[in-house]
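Residues per chain, in single letters:
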Amino acid sequence: MAIDTLSWNGSASGGTLFTNVRIFDATGEYPYTGEVLVQGNRIKQITKGSSRFGGGQTSYGSGVTVIDGMGATLMPGLIDAHLHLSWNNAPGIDPIQMMEVEEHMLVTMEMAKLVLDAGFTGGRGAAAAKPRLDVVAKRFINEGRFPGPRYLAAGPEITTVGGLGDSAPSHIPHEGLNLGIVVSGPEQVRRTVRTLIKYGVDSIKLNLSGEEITGMGAEETPMAEEEVAMAVSEARCRNKVVSAHARSSGSVKQCIRHGIQNIYHASFADNEALDMLEAVKDKHFVAPGIAWLINTARHAEPWGITPGSRVAELYERELEMCIDTMKKMHRRGIRVLIGGDYGFAWTPQGTNAKDIQTFVEMLGFSPMEALLAATRYGGQIMCMGDELGMIKEGYLADLILVDGDPLADVRILQDKNRLLAIMTNGKFHKAPQISEQRRRLTA
């Protein structure tokens, strides 16, 4: 489906009116026909059931650019809760960490555009491969110098000696070879957190468990309680959010005990951890990163991970545990969000919407619940739940116009050709096709 034949870029000074659209507002209500007026970077007005050019009586004045959606779905832009913009679709961890910083910065901006092209207008940074990549990417996106999603910047992961992210071989101890920042003891943690905050990050990321592909078991929990406590205390002093790589049950419990908001993975959370999390579910978000598990176990053979191999079998086992655990969390009302740890060759950036389908087909989410996980709850994990992730008057105009009904088939969100328009902060990244007749009507 195409809106019309004439390409148009930008937005008129009087605003942009989406008319004749089905509005999925991400409140939990089913879509309705109506109009949405955007002025500046905000949603100014929502009108149900009327169309200025289809018999409705609504008047918005002159200078408004009208987009006749012809029945397409207007919805909030998608939000990735676990985004690594500096993960550059490389075939492994080493090519990411060893890339020269100048090239890495440019590749990071390429990834930002890929993600936005896929309809993801927002993302929570989950870790950066080098200290200031996320910070600079966020600034350049905000300044309009490069296209990319609304973004919250992370720094490198903070890890323990021998933990996930301590990549230097034992016979060549050198911090420059590490993907994470290696610490030992609370005072080193304190200095590292303060340094990252100085760089300008929005969140601090701790590696509280292992990762099978690195040789450290996913069910190991290496960081000491006093180290975790120090990181959280220092972050709170500066109003920064803390996130954690937490696959093991012990690491999930650390997150809950210390109030770490964003729990990434949580595959092996046992019943005690689930009880603890349910009791404080309004304070936490879980993003399982399930695409990483599926694709590493089953679809990474061209990059040396053969199905049935030891590593693949470990990820197959974790996938089984993850599916069971996320179903239990969902039934308990714990917020489980999309974000699949994209950015490797077998989990490429730009395919992020696959998570929505996975939530429906594997985790037992209804299409409505999966879409809310990708929109409304995304606004909440961005700490902007009162102005992002829903179509409501006064909310930020991060919107996508979709050819078809995502509630009927969530898979259409993976087809970039079905994304008729992508708007961030009130401006079109991908402009719809509008006719010369429409342009004259609003002149």
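Cut-off values and rules
- Residues numbered from 1 in each chain as written.
- Predicted model: local features only at pLDDT ≥ 70, side-chain atom pairs only at ≥ 80, totals over all residues.
- Heavy atoms only, no water.
- Pairing = 2+ DSSP bridges.
- Helix = DSSP H or I, 4+ residues; strand = E, 2+ residues; numbered from the N terminus.
- Phe/Tyr/Trp six-rings, centres within 6.5 Å; stacked < 30°, edge-to-face > 60°.
- Buried < 20%, exposed > 50% of the residue type's maximum accessible area, 1.4 Å probe, protein only.
- pLDDT = per-residue confidence, 0-100.
- Contact = heavy atoms within 4.5 Å.
- Axes fitted to C-alpha atoms, helices over the stretch in contact; angles between N-to-C directions.
- Parallel < 35°, antiparallel > 145°, perpendicular 65-115°, else oblique.
- Nonpolar A, V, L, I, M, F, W, Y, C, P; charged D, E, K, R; others polar.
- Polar contact = N/O pair within 3.5 Å; in protein donor to acceptor, adjacent residues only side chain to side chain.

Caption draft 1: Highlighting the pairing of strand β17 (residues 427–430). The pairing of strand β16 (residues 419–424) with β17 spans three bridges and is antiparallel. Counterpart to Met423 in the pairing with β17 is Phe428. If you look at the hairpin formed by β16 and β17, you'll find two residues sitting between the two strands, and Asn425 has a positive phi there, around 55°.

Caption draft 2: Spatial organisation of the packing of aromatic side chains. This model, assessed by the stated rule, comprises eight aromatic pairs. Centre to centre, the rings of Phe140 and Phe146 are 5.8 Å apart; their planes meet at 35°, and the pair counts as tilted. The buried category is assigned to Phe140, whose relative accessible area is 17%. What makes Phe146 partly exposed here is its relative accessible area of 34%. Measuring from centroid to centroid gives 4.9 Å for Phe359 and Phe365, while their planes differ by 50°, and the two rings are tilted. By the burial criterion, Phe359 is buried, and Phe365 matches it.

Caption draft 3: Just the pairing of strand β5 (residues 73–76), in detail. Sheet analysis places strand β1 (residues 16–23) next to β5, joined by two bridges and oriented parallel. Following the sheet pairing, Ile23 is matched in β5 by Leu74.

Caption draft 4: Expanded view of the confidence of the model for the chain. Within the chain, residue pLDDT values average 90, and 88% of them lie at 70 or more. In the predicted structure, residues 1–12 sits below a pLDDT of 50 and forms 38 contacts with residues beyond four places in sequence or in another chain. In the predicted structure, residues 436–443 sits below a pLDDT of 50 and forms twelve contacts with residues beyond four places in sequence or in another chain.

Caption draft 5: Here's a closer look at the sheet that holds strand β6 (residues 78–83). Here three strands make up an open sheet; going across it, the order is β6-β7-β8 and the pairing parallel. Two strands bound the open sheet, and with one partner strand each, they are β6 and β8 (150–152). Within the sheet, the average angular offset between the axes of one strand and its neighbour, ignoring direction, is 15°.

Caption draft 6: A look at unusual backbone geometry. Non-glycine residue Asn89 carries a positive phi angle of around 60°. Among the structural elements, Asn89 can be located in the loop between β6 and α1 (93–97). Positive phi outside glycine occurs at His265, with the angle close to 95°. Mapped onto the fold, His265 is located in strand β13 (residues 262–265).

Caption draft 7: Structural context of the packing of helix α8 (residues 290–298) against helix α10 (residues 354–362). Contact geometry of α8 with α10 gives a least axis separation of 10 Å together with a crossing angle of 85°. In terms of orientation, α8 lies roughly perpendicular with respect to α10. Side by side, α8 and α10 meet where Ile290, Ala291 and Ile294 of the first sit next to Asp355, Thr358, Phe359 and Met362 of the second. For the contact of α8 with α10, the residue count by class is five nonpolar, one polar and one charged.

Caption draft 8: Spatial organisation of the environment of Tyr151. One can find Tyr151 in strand β8. In this structure the C-alpha to C-alpha distance between Tyr151 and Asp80, which are 71 residues apart in sequence, comes to 9.6 Å. If sequence neighbours within four positions are ignored, Tyr151 has contacts with Leu83, His84, Leu85, Gly123, Arg124, Gly125, Asp134, Lys138, Asp202 and Met382. Within the local environment of Tyr151, its side chain forms a polar contact with the side chain of Asp134, the two groups lying 2.9 Å apart.

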